[in-house]
Amino acid sequence: MHEDLKIRPDDIIFIAINPGVENFKDVSTKFEVVTAFEYIFEAARKRKIPAIFCKRRESLNMDKGVNSPHVSSFDDEFSKRYHKVLSASKEGYLTYDGLDAFTSSDLVNRIKLSMRSAICIFGIPIEMDVIASIFGAIRLGWKPFLISDASSSISERIFYESVDIMSRVATIIDSRDLMKSWGDI
């Protein structure tokens, strides 16, 4: 495994961007996102990894007037699993303005107090808030990791374009990389 992907659980902090159930309904990769969230938050619980939930103060309105463009017979099951993962957390949400979660001084202070340097960012929408937050972490001098399978958008094309852009400035990993490094939880 590449050295950048050997992230120690005692050095990592998870930053979930706009993970609310209301945002999940519009993503194109529901199966990947819910599966990644299940692994990430179970690993956080068992390995005592801080997981911070952040949400933009104003509504995302991801669907741009399109009602549920990605509907399948599995959506109800994915939504139930996703809701279960989120409801298991006792964390409240830190709010931020604009697109960059790192405009929240509360978020910045919690990361500094954690003394952890592997900032793992993931969430919704990847092309706006997640990408802005990756650059926000860089602006603050941190080396961010994008957990790609725990991030999504309304469009797979936009998802892949966003990951490509971020691959130039951040280390791209997915939950399977964490599984390889840490084993099953």
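Residues numbered from 1 in each chain as written. Predicted model: local features only at pLDDT ≥ 70, side-chain atom pairs only at ≥ 80, totals over all residues. Heavy atoms only, no water.

Student: Outline the pairing of strand S5 (residues 143–147), supporting the account with residue identities and numerical values.
Tutor: In terms of burial, S5 is largely enclosed, as 4 of its 5 residues are buried. Strand direction decides the pairing type here: strand S4 (residues 118–123) and S5, joined by 4 bridges, are parallel. Bridging across to S5, Ala 118 finds its partner in Lys 143. Note that the unit made of S4, helix H5 (residues 126–139) and S5 has a crossover that is right-handed. Crossover S5 to strand S6 (residues 171–173) through helix H6 (residues 156–166) is right-handed. (Buried < 20%, exposed > 50% of the residue type's maximum accessible area, 1.4 Å probe, protein only. Helix = DSSP H or I, 4+ residues; strand = E, 2+ residues; numbered from the N terminus. Pairing = 2+ DSSP bridges. Right-handed = clockwise from strand over helix to strand, strands pointing away.)

Student: Please give an account of the nonpolar core that cites residues and values.
Tutor: Counting 32 residues, the largest nonpolar core has Ile 12, Phe 14, Phe 37, Phe 41, Phe 122, Ile 147 and Leu 178 as the members making the most contacts within it. Broken down by element, the residue count for this core peaks at 9 residues, all from helix H2 (residues 30–47). With sequence-adjacent residues up to four places away left out, Ile 147 is seen in contact with Phe 14, Ile 40, Cys 120, Ile 121, Phe 122, Ile 173, Asp 174, Ser 175 and Leu 178. Core analysis: the second largest hydrophobic core is formed by 25 residues, Ile 13, Leu 107, Val 108 and Ile 131 among them. (Core = buried A, V, L, I, M, F, W, Y, C linked by side-chain atoms within 4.5 Å. Contact = heavy atoms within 4.5 Å.)

Student: So, the packing of H2 against helix H3 (residues 75–87): which residues are in play, and what are the values?
Tutor: The interhelical angle for the contact between H2 and H3, taken along N-to-C directions, is 25 degrees, at an axis separation of 10 Å. Taken together, the axis directions place H2 and H3 in an arrangement best described as roughly parallel. At the point where H2 passes H3, the crossing takes the left-handed sense. For the pair formed by H2 and H3, the contact residues are Lys 30, Phe 31, Val 33, Val 34, Thr 35, Phe 37, Glu 38 and Phe 41 on the first element and Asp 75, Phe 78, Arg 81, Tyr 82, Val 85 and Leu 86 on the second. (Axes fitted to C-alpha atoms, helices over the stretch in contact; angles between N-to-C directions. Parallel < 35°, antiparallel > 145°, perpendicular 65-115°, else oblique. Left-handed = near helix turned anticlockwise from the far one by under 90°.)

Student: If you had to explain the packing of aromatic side chains to someone new, which residues and values would you point to?
Tutor: Following the criterion strictly, the structure yields 11 aromatic pairs and no others. A centroid spacing of 5.9 Å and a plane angle of 55 degrees characterise the contact between Phe 31 and Phe 78, whose relative ring orientation is tilted. In this pair, Phe 31 is assigned in helix H2 and Phe 78 in helix H3, connecting sequence segments 47 residues apart. On the accessibility criterion, Phe 31 (45% relative accessible area) is partly exposed. With 5.0 Å between their ring centres and 75 degrees between their planes, Phe 159 and Tyr 160 make a pair best called edge-to-face. Put simply, the rings of Phe 14, Phe 24, Phe 37, Phe 41, Phe 53, Tyr 82, Tyr 93 and Phe 122 touch in pairs and so form one group of aromatic residues. Across the ring face of Tyr 93, the terminal group of Lys 55 is positioned such that the distance to the ring centre comes to 5.3 Å. Across the ring face of Phe 145, the terminal group of Lys 143 is positioned such that the distance to the ring centre comes to 5.1 Å. (Phe/Tyr/Trp six-rings, centres within 6.5 Å; stacked < 30°, edge-to-face > 60°. Lys NZ or Arg CZ within 6 Å of the ring centre and 35° of its normal.)

Student: Got a sec to walk through the confidence of the model for the chain? Specific residues and values, please.
Tutor: Atomic detail in the predicted coordinates should be set aside for any region of low pLDDT. The share of residues in the chain with pLDDT of 70 or more is 89%, and the mean pLDDT across the chain is 89. Within the chain, H5 carries the highest mean pLDDT (97), whereas helix H7 (residues 175–182) carries the lowest (89). (pLDDT = per-residue confidence, 0-100.)

Student: If you had to explain the side chain of Ser 104 to someone new, which residues and values would you point to?
Tutor: By the secondary structure assignment, Ser 104 is in the loop between strand S3 (93–96) and helix H4 (105–114). Apart from the residues lying within four places of it in its own chain, the contact partners of Ser 104 are Leu 94, Thr 95 and Tyr 96.

Student: Before we move on, could you go through the pattern of salt bridges and cite the residues and values that matter?
Tutor: Under the counting rule described, the total for this entry stands at 14 salt bridges. With its nearest N and O atoms 3.0 Å apart, the salt bridge here joins Asp 26 to Lys 25. Looking at Asp 26, the relative accessible area reads 4%, which means it is buried. Here the residues in one salt-bridge network are Glu 42, Arg 45 and Lys 46, joined through shared partners. (Salt bridge = Lys/Arg side-chain N within 4 Å of Asp/Glu carboxyl O.)

Student: Could you give me a rundown of the packing of H5 against H6, with the residues and numbers involved?
Tutor: Interhelical geometry of H5 versus H6 gives an angle of 10 degrees and a closest axis separation of 10 Å. By the angle between their axes, H5 is roughly parallel relative to H6. For H5 against H6, the interelement crossing comes out right-handed. For the pair H5 and H6, contact is made by Ile 126, Glu 127, Val 130, Ile 131 and Ile 134 and by Ile 158, Phe 159, Ser 162, Val 163, Ile 165 and Met 166, respectively. Class assignment of the residues belonging to the contact of H5 with H6 gives a composition of 9 nonpolar, 1 polar and 1 charged. (Nonpolar A, V, L, I, M, F, W, Y, C, P; charged D, E, K, R; others polar.)

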